Amino acid sequence: MMHRLTRHVCGLCMAGGLALAATLSVAPAHAQDTNTPDGIIYEAEFQRLWEQKGEEWTAEDKEIQDRLQALEKKFGKKPNIIHILWDDMRMGAVGSRLYTDISGYEAPNLEKMARSGLTFTRMYTEPSCTPTRVAAATGRLAVRSGMIFPIFPIHRMGLPASEVTIAEVVDDTYHTGFFEKAHFGDQEEGYVHNQGWDEAIFSLYNQFAGQMFTKDAESTGFTTAFSEDGYDKKYFIDNSFRPLNWMWTVEGFEGQKGREFSTPKTFAEYQDANKKMFQRTLEFIRKHAKSDKPFMLQWWPNLYEVADQDAMRPFSTQNGTASAESIKRMDVKIGQIMGLLKELGISENTLVIAMADNGPMVPIHPETGQNGFFRGGKNDVTEGGIRVPAFAMWPGVIEPGSVVGDIIHVSDLFNTFARIAGRYDQIPRDRVIDGIDQTALLMKGDGHSRRDYVFTYKGPKMGSIVKQQFKRHLPIGPGALAGAEFFDLYKDPREEHPLMAEFLWAWAQFDAMKARHDKQIAKFPHTPVARGEPYTGVVRLADQ
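Reading guide: rules and limits
Residues take numbers from 1 onward in each chain, read along the sequence in its written order. In view of the model being predicted, local features appear only for residues whose pLDDT reaches at least 70, and side-chain atom pairs are presented and counted only at 80 or more, with totals across whole chains, interfaces and linings using the full set of residues. Remark: hydrogens and water are excluded; side-chain values derive from all non-hydrogen atoms of the structure. Runs of E in the DSSP output that reach at least two residues are strands. Runs of H or I that reach at least four are helices, and both are numbered from the N terminus. It is over C-alpha atoms that the radius of gyration is taken, and the globule rule equals 2.2 Å times the number of residues to the power 0.38. Residues are treated as being in contact if the distance between any of their heavy atoms lies within 4.5 Å. Using a 1.4 Å probe, the Shrake-Rupley method yields the accessible areas, and only the shown protein chains count as cover for residues. Neither His nor the chain ends is counted toward charge; the positive residues are Lys and Arg and the negative residues Asp and Glu. Charge placement uses NZ in Lys and CZ in Arg. For Asp and Glu, CG and CD serve respectively. Each reported salt bridge corresponds to a side-chain nitrogen of Lys or Arg within 4 Å of a carboxyl oxygen of Asp or Glu. Burial classes follow relative accessibility: with a 1.4 Å probe on protein chains only, a residue under 20% of its type's maximum area counts as buried, one over 50% as exposed, and anything between as partly exposed. We define the nonpolar core as a collection of buried residues of types Ala, Val, Leu, Ile, Met, Phe, Trp, Tyr and Cys that are connected through side-chain atoms lying within 4.5 Å of one another. At least two bridges found by DSSP between two strands is the condition for calling them paired. Whenever a helix is involved, its axis is fitted only over the stretch in contact; in every case the axis is a line through C-alpha atoms, and angles between N-to-C directions fall within 0 to 180 degrees. Pairs were defined over the aromatic rings of Phe, Tyr and Trp, the Trp ring being its six-membered one, requiring ring centres within 6.5 Å. Orientation was assigned from the angle between planes: stacked under 30 degrees, edge-to-face over 60, tilted for the rest. The span expected for a helix works out to 1.5 Å for each residue beyond the first. Axes are fitted to the seven residues ending at a residue and to the seven starting at it; the angle between these axes is taken as the bend at that residue. In protein, a polar contact means a hydrogen-donor-capable atom and an acceptor-capable atom, both N or O and within 3.5 Å, with residues adjacent in sequence counting only if both atoms are side-chain atoms; elsewhere, any N or O pair within 3.5 Å suffices. Each patch is built from residues that are more than 30% exposed by relative accessible area and take part in no salt bridge. Like charges join if they lie within 9 Å; nonpolar side chains (Val, Leu, Ile, Met, Phe, Trp, Tyr) join within 5 Å.

Examining the overall build of the protein chain
Here is step 1: Looking only at helices and strands, the protein chain has 14 helices and 19 strands in total.
Here is step 2: Expected size for 544 residues packed as a compact globule is a radius of gyration near 24 Å; at 23 Å, the protein chain falls within 12% of this value.
Here is step 3: Seen along its three principal axes, the alpha-carbon backbone of the protein chain occupies a region of about 70 × 60 × 45 Å.
Here is step 4: The contacts of the protein chain with a sequence gap of at least 6 include a subset with a gap of at least 24, amounting to 72%.
Here is step 5: Accessible area of the protein chain: about 20,900 Å², with a carbon and sulfur share of 53%.
Here is step 6: The centroid of the 62 positive side-chain charges in the protein chain is displaced by 1 Å from the centroid of its 71 negative side-chain charges.

Some words on the pattern of salt bridges
Here is step 1: Applying the stated rule across the entire model yields 37 salt bridges.
Here is step 2: Of the charged contacts, one joins aspartate 357 and arginine 133 as a salt bridge, the two residues approaching to 2.9 Å between their closest N and O atoms. Residue aspartate 357 is located in the loop between strand S10 (350-356) and helix H11 (383-386), and its partner arginine 133 is located in helix H5 (residues 129-138); the two are separated by 224 residues in the primary sequence.
Here is step 3: The class of aspartate 357 is buried, set by a relative accessible area of 0%.
Here is step 4: For arginine 133, a relative accessible area of 0% gives the class buried.
Here is step 5: When salt bridges that share partners are traced, they join Glu60, Asp61, Glu63, Arg419, Asp437, Lys444 and Arg450 into one network.

Quick notes on the nonpolar core
Here is step 1: In this structure, Trp86, Val94, Leu110, Phe120 and Ile285 are the most contacted members of the largest nonpolar core, which totals 142 residues.
Here is step 2: At nine residues, the largest contribution of residues to this core is made by helix H10 (residues 322-343).
Here is step 3: In this structure, leucine 110 is in contact with Trp86, Val94, Gly95, Met330, Asp331, Ile334, Ala354 and Phe391, ignoring residues within four places of it in sequence.
Here is step 4: In terms of nonpolar packing, the next biggest core, distinct from the first, is built from six residues, Tyr124, Ile386, Ile407 and Val454 among them.

Topic: the side chain of threonine 281
Here is step 1: Mapped onto the fold, threonine 281 is located in helix H9 (residues 267-288).
Here is step 2: Residue classification places threonine 281 among the buried positions, given a relative accessible area of 0%.
Here is step 3: Contact partners of threonine 281, with chain neighbours within four places excluded, come to Phe179, Leu297 and Trp299.

Structural notes on the environment of lysine 181
Here is step 1: Within the secondary structure, lysine 181 is located in strand S5 (residues 175-181).
Here is step 2: As for lysine 181 and valine 410, which are separated by 229 residues in sequence, their C-alpha atoms are 16 Å apart.

Quick word on the sheet that holds strand S3 (residues 118-124)
Here is step 1: Spatial ordering of the open sheet is given by S12-S3-S11-S10-S2-S9-S5-S6-S7-S8-S19, a layout of eleven strands whose pairing is mixed. Strands with a single pairing partner mark the edges of an open sheet, and in this sheet they are strand S12 (402-409) and strand S19 (538-539).
Here is step 2: In terms of strand pairing, S3 meets strand S11 (residues 387-393) through five bridges, oriented antiparallel. Residue pairing in the sheet places phenylalanine 120 in a bridge with alanine 390 of S11.
Here is step 3: Relative to strand S2 (residues 80-86), H5 is tilted by about 170 degrees, and along the sheet it contacts S2, S5, strand S9 (295-300) and S12.
Here is step 4: Against the sheet, H10 contacts S2, S9, S10 and S11, and its axis sits at roughly 175 degrees relative to S2.

Some points on the packing of aromatic side chains
Here is step 1: Applying the stated criterion to the full structure yields 27 aromatic pairs.
Here is step 2: Judged by centre distance (5.5 Å) and plane angle (65 degrees), the rings of phenylalanine 470 and phenylalanine 503 are edge-to-face. A residue pair is termed long-range when its members are at least 10 positions apart, and phenylalanine 470 in strand S16 (residues 470-473) and phenylalanine 503 in the loop between strand S17 (486-488) and helix H14 (504-523) qualify at 33 residues.
Here is step 3: A relative accessible area of 13% means that phenylalanine 470 is categorised as buried.

Structural notes on the sheet that holds S16
Here is step 1: Reading across the sheet, the four strands line up as S14-S15-S16-S17 and stay open at both edges, with antiparallel pairing between neighbours. Either end of the sheet is taken by a strand with one partner, and the two such strands are strand S14 (453-458) and S17. Averaged over all pairs of adjacent strands, the angle between strand axes in this sheet comes to 20 degrees, irrespective of strand direction.
Here is step 2: Here strand S15 (residues 461-467) pairs with S16 via four bridges, running antiparallel. The residue bridging valine 466 from the neighbouring strand is lysine 471, located in S16.
Here is step 3: Where helix H2 (residues 44-75) meets the sheet, its contacts fall on S14 and S15, and the angle it forms with S14 comes to roughly 180 degrees.
Here is step 4: Each of S14, S15, S16 and S17 touches H14; the most contacted strand, S15, lies at about 125 degrees to it.

A look at the pairing of S3
Regular strands show a simple pattern: their side chains alternate between the two faces of the sheet.
Here is step 1: Among the seven residues in S3, six count as buried, and that is most of the element.
Here is step 2: Alignment of S3 against S12, held across six bridges, turns out to be parallel. Considered in S12, the bridge of methionine 123 is made with isoleucine 408.

Regarding the pairing of strand S8 (residues 258-262)
Here is step 1: Pairing analysis gives three bridges linking strand S7 (residues 249-253) to S8, with the strands arranged antiparallel. Among the inter-strand pairings, valine 250 is bridged to a residue of S8, identified as glutamate 260.
Here is step 2: The loop that links S7 with its antiparallel partner S8 comprises four residues; one of these, glycine 255, has a positive phi angle of about 85 degrees.
Here is step 3: The pairing of S8 with S19 spans two bridges and is classified as parallel. Its bridge partner lying in S19, arginine 259 is registered against valine 539.

A word on H2
Here is step 1: In a regular helix each residue adds 1.5 Å, so 32 residues correspond to 46 Å; H2 covers only 38 Å between its end C-alpha atoms and thus falls short of that length.
Here is step 2: The sharpest bend along H2 comes to roughly 75 degrees, located at lysine 53.
Here is step 3: For H2, the side-chain oxygen to backbone nitrogen distance between the N-cap and glutamate 45 is 2.6 Å, and the N-cap itself is glutamate 43.
Here is step 4: Trailing H2 by a residue or two, glycine 76 shows a phi angle of about 85 degrees, which is positive.

Quick notes on a nonpolar patch on the surface
Here is step 1: On the surface, Leu98, Ile102 and Phe373 cluster together to form a nonpolar patch covering roughly 330 Å² of accessible area.
Here is step 2: Position of leucine 98 among the secondary structure elements: in helix H3 (residues 97-103).

Below is the structure:
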């Protein structure tokens, strides 16, 4: 099947990863903009790392490719891929009994996943939901497509059609499914089933809108003045100010018109919609388990369920909040997925990665606001906003009980999934790709990341840079000299003691990193976010 990815990819064809690309005679259109043999225009900092480590990594890629081919021969097809992405949690809240005794959460299946697989201690994301999800889907920092903040009803914006998602990269060779929270916005070109996924039930916005734009949420104080009770009693004029005609979730199949799935008016309707979407998630796995083609599944559950506290009682966790109960319920679902993979006999040929999308939403304390080690939360560039719990399991491939201290970024999953799927040649060569192939980290463990840096944007502006164990907060303060904005994350992981004089050796080095990054943007400008009338291409519930 021909898909729109062909509009964006140059004519480079590769049999495998980086090692095999060097044997090809066809040069990508932008070969002059990259020093890597695969022709991908990586972020400038990675290209500097390649200059130092490229020969070693090329040799390592040959070993990785041999292992992937051996796995395909053993199982008769390439590995299935499942990515689980939930909301609002700092690193250190779940994943071991040590963590949960402190946080008061209960997540035994995530603990089992950590024991059976791998724990990332430096998984970085973007500071909020939409940017992280876009980075995971496209392998590019969200600023590059204008998706710079969490989209709410009715922002009239969304993911541009020109972005190439991981579903488009693996298209034709994988069955692809997406269920629950996408948060790609309300533009038709950005709908999940128009961005490469075969089938999907997905939210245009986030779970907050799904449960909070209800009278139940007003009754519990999580929302104010949305319903008629909150209208101005004497001077009310504009009945279009509130987004009363909004839409939450859409069901779609590639090449078909979407159908509104649910726009809750009560908390019970919100819970019912999530229950149905999870059942479709399980059905997707069952449907494709024995297929000749592998599957790729994005299950990005809608957490948390907090708008109606009584509906979540009795509280059974030590934490004693509705958000903690939500985590416990999600963990049960993760256990169901793991059990189903085992029941169907496909667990050994399935990579599962589970992680949070950013730090907690601190303003709704005590719901989500206190979990984890670090300082800060959602919308912050401190470690508490962008360093999250993350785990990977791939029986027979990942060493059980592994812990990796290497830096990895959520955008790296794009390249890694493409590599595992044998579709690295489908990654676009006409734009900057921020993601890095981290298959070696999964297969060989600690010390095998190909990243030692992270650029983090807060909205349209860069907010911080991580390099090795060091971090610099931006923007730079007034004056000609750098301010107290440097941190050693081993010595000060909560970023409470900013330093200046001790890090003057790093001042110019961080400046140079940002200058190279900005110079590359000047050559490959950001894509404007998609804008227009919302909800086109969807049949409303009233018309079904």
